[in-house]
Amino acid sequence: MVRRGKRQNPVTIVAVVPFVDLKKQYILHRKVLDGAIQAVCESTEFILGPEVSRFEQGFAAYLGVPETVGVASGTDALRLAAGALGIGPGDEVLLPANTFIATALAAYSLGASPVPVDIDPATYLMDLSDAKKRLTSKTRAIIPVHLYGRCHDMDAVMHFAKEHGLLVIEDACQAHGAMWRGKRAGTFGDAGCFSFYPSKNLGGFGDGGLVATADPNLAHKLKALRNYGALKKNCHESPGENSRLDSIQAAVLNVKLPFLDEWNRARFRVARRYAERLEGIGGVRMPVFDHNDEAGHVFHLFVIQCEKRDELLACLNGKGIQAGIHYPVPIHLHQAFAAFDFSRGAYPVAEKLSTEILSLPIFPEITDDQIEYVAAAVEEFYGN
Ligand SMILES: Cc1ncc(COP(=O)(O)O)c(C=O)c1O
């Protein structure tokens with residue numbers, strides 16, 4: 001079922017159902033994307049040019065926030081935002097045990113301690129009742145991660161943060177356009193952080209990131225920090241660094257932004273189709289979601305819980321289906337954080353799910369036939 005790529009190196013294997021198909025999207029929009037990149041080259045405005053400002057303004061309007069600051073990656077967005085908000089050595093930062101490691105690295109790289117929190121098995125998001133148990137006198141901030149495209153109950157998060165005097169830095173790197181009660185992910189806290197890594201719901205042709213905020217002072221600080229601490233040439237107001245969203249990425253994102261809602265709706269329909277097709281198969285559990293909430297949940301990933309996960313993954317791979325695991329290692333078990341002495345067993349839900357979760361292929365351009373091929377393969381594996 002796996003085809004060899006035509007006109008490519010003869011050993012290149014082409015998946016029947018790739019995990020994401022960035023090439024398909026590029027080909028569909030090639031003319032305008034190529035034109036936008038060429039225009040930047042011709043203008044030679046490569047650094048913080050008009051395309052960057054246009055994207056910052058466009059994404060701010062899309063989110064409904066007054067300020068956005070484009071930076072070099074989602075990791076930098078989190079780290080710079082947390083740093084500009086004053087997080088540093090001695091501080092503890094609450095974040096979910098199941099997330100991409102970059103969430104925790106943002107705290108770690110500032111000299112703060114990442115404090116993992118167990119997750120809710122139905123939503124896969126940070127469990128606030130567990131967060132409460134992990135509060136200490138050093139807890140300064142919470143990073144809710146809108147994982148897989150599902151926005152947290154932000155009423156509950158903001159209430160928790162207020163009650164305990166915590167800063168809120170939203171990790172919306174997987175949730176461009178997701179909403180909680182009609183308001184977009186990334187617009188509730190002190191700062192909202194986004195990644196434009198190519199496979200994200202809104203992705204560039206390289207790395208990119210952005211911080212959204214309602215606070216003009218924070219935006220001002222971040223604009224300086226990303227540019228060697230300067231807003232004007234040779235006028236360095238803070239010891240900053242080089243972490244700018246580059247103009248070519250911004251030009252690509254300006255082309256793609258108007259399609260974001262349409263692509264998110266397409267992803268939602270894929271999720272609903274998988275859910276309807278796979279519901280009831282013994283051995284597999286679907287993500288719990290409102291099948292009518294097309295505007296709110298943006299399905300960066302479609303993550304199922306399954307028995308014999310690794311065997312299923314091998315079986316799917318054998319049929320040319322690329323599936324993934326997000327994430328196989330919870331934050332507290334990464335070698336990178338061995339110095340913190342986090343104990344195995346302290347996060348039972350995240351630990352159990354890390355052995356059971358599987359992400360099925362999802363992207364706006366996936367065809368009904370591809371979805372059916374994946375669903376039939378899962379069904380066959382469990383003998384239903
Ligand atoms: C939840 C989460 N946080 C942070 C990041 C870091 O973003 P980037 O890869 O742009 O640095 C990512 C993406 O990779 C992510 O998925």
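This text goes with the structure placed above it.
A brief structural summary. All figures in this text were calculated on a predicted structure; none of them were measured in a lab.

Let us look at the overall build of the chain. Per the secondary structure count, the chain includes 13 helices and 16 strands. By the compact-globule yardstick of 21 Å for 384 residues, the chain fits well, its C-alpha radius of gyration being 21 Å. In terms of its C-alpha atoms, the chain occupies a principal-axis envelope of roughly 65 × 55 × 40 Å. Within the chain, the fraction of its 384 residues that count as buried is 54%. Contacts in the chain between residues at least 24 apart in sequence constitute 68% of all its contacts with a sequence separation of at least 6. For the chain, the separation between the mean place of its 40 positive charges and that of its 44 negative charges on side chains is 4 Å.

What follows concerns helix H4 (residues 74-84). The buried fraction of H4 is high, at 9 of 11 residues. Of all the residues in H4, the buried ones are Gly74, Asp76, Ala77, Leu78, Arg79, Leu80, Ala81, Ala82 and Ala84. Those residues of H4 that are buried are in contact with strand E3 (67-71), helix H5 (101-108), strand E7 (167-171), strand E10 (191-195), strand E11 (209-213) and helix H8 (216-225). Its side-chain oxygen at 3.4 Å from the backbone nitrogen of Thr75, Ser73 defines the N-terminal cap of H4.

Right, let's get into the nonpolar core. Counting 46 residues, the largest nonpolar core has Ile87, Val93, Ile143, Tyr148, Ile169 and Leu222 as its most contacted members. If you list the elements that add at least two residues to this core, you get E3, H4, strand E4 (92-96), H5, E7, E10, H8 and helix H12 (348-353). No other element matches H4, which puts 6 residues into this core. Counting the residues that make up this core, at least three belong to each of domain 1 (3-20 + 259-381) and domain 2 (28-257). Ignoring sequence-local partners within four residues, the contact set of Leu222 consists of Val69, Leu80, Ala81, Ala84 and Val211. Counting residues in each nonpolar core, the second largest holds 38 residues, with Tyr62, Val65, Ala185 and Ala250 among its members.

Rules behind the numbers
- Residues numbered from 1 in each chain as written.
- Predicted model: local features only at pLDDT ≥ 70, side-chain atom pairs only at ≥ 80, totals over all residues.
- Heavy atoms only, no water.
- Helix = DSSP H or I, 4+ residues; strand = E, 2+ residues; numbered from the N terminus.
- Rg over C-alpha atoms; globule rule 2.2 N^0.38 Å.
- Buried < 20%, exposed > 50% of the residue type's maximum accessible area, 1.4 Å probe, protein only.
- Contact = heavy atoms within 4.5 Å.
- Lys, Arg positive; Asp, Glu negative; His and termini not counted.
- Charge placed at Lys NZ, Arg CZ, Asp CG, Glu CD.
- Polar contact = N/O pair within 3.5 Å; in protein donor to acceptor, adjacent residues only side chain to side chain.
- Core = buried A, V, L, I, M, F, W, Y, C linked by side-chain atoms within 4.5 Å.
- Domains from an automatic or database assignment.

Any functional reading would require information that these geometric values do not contain.
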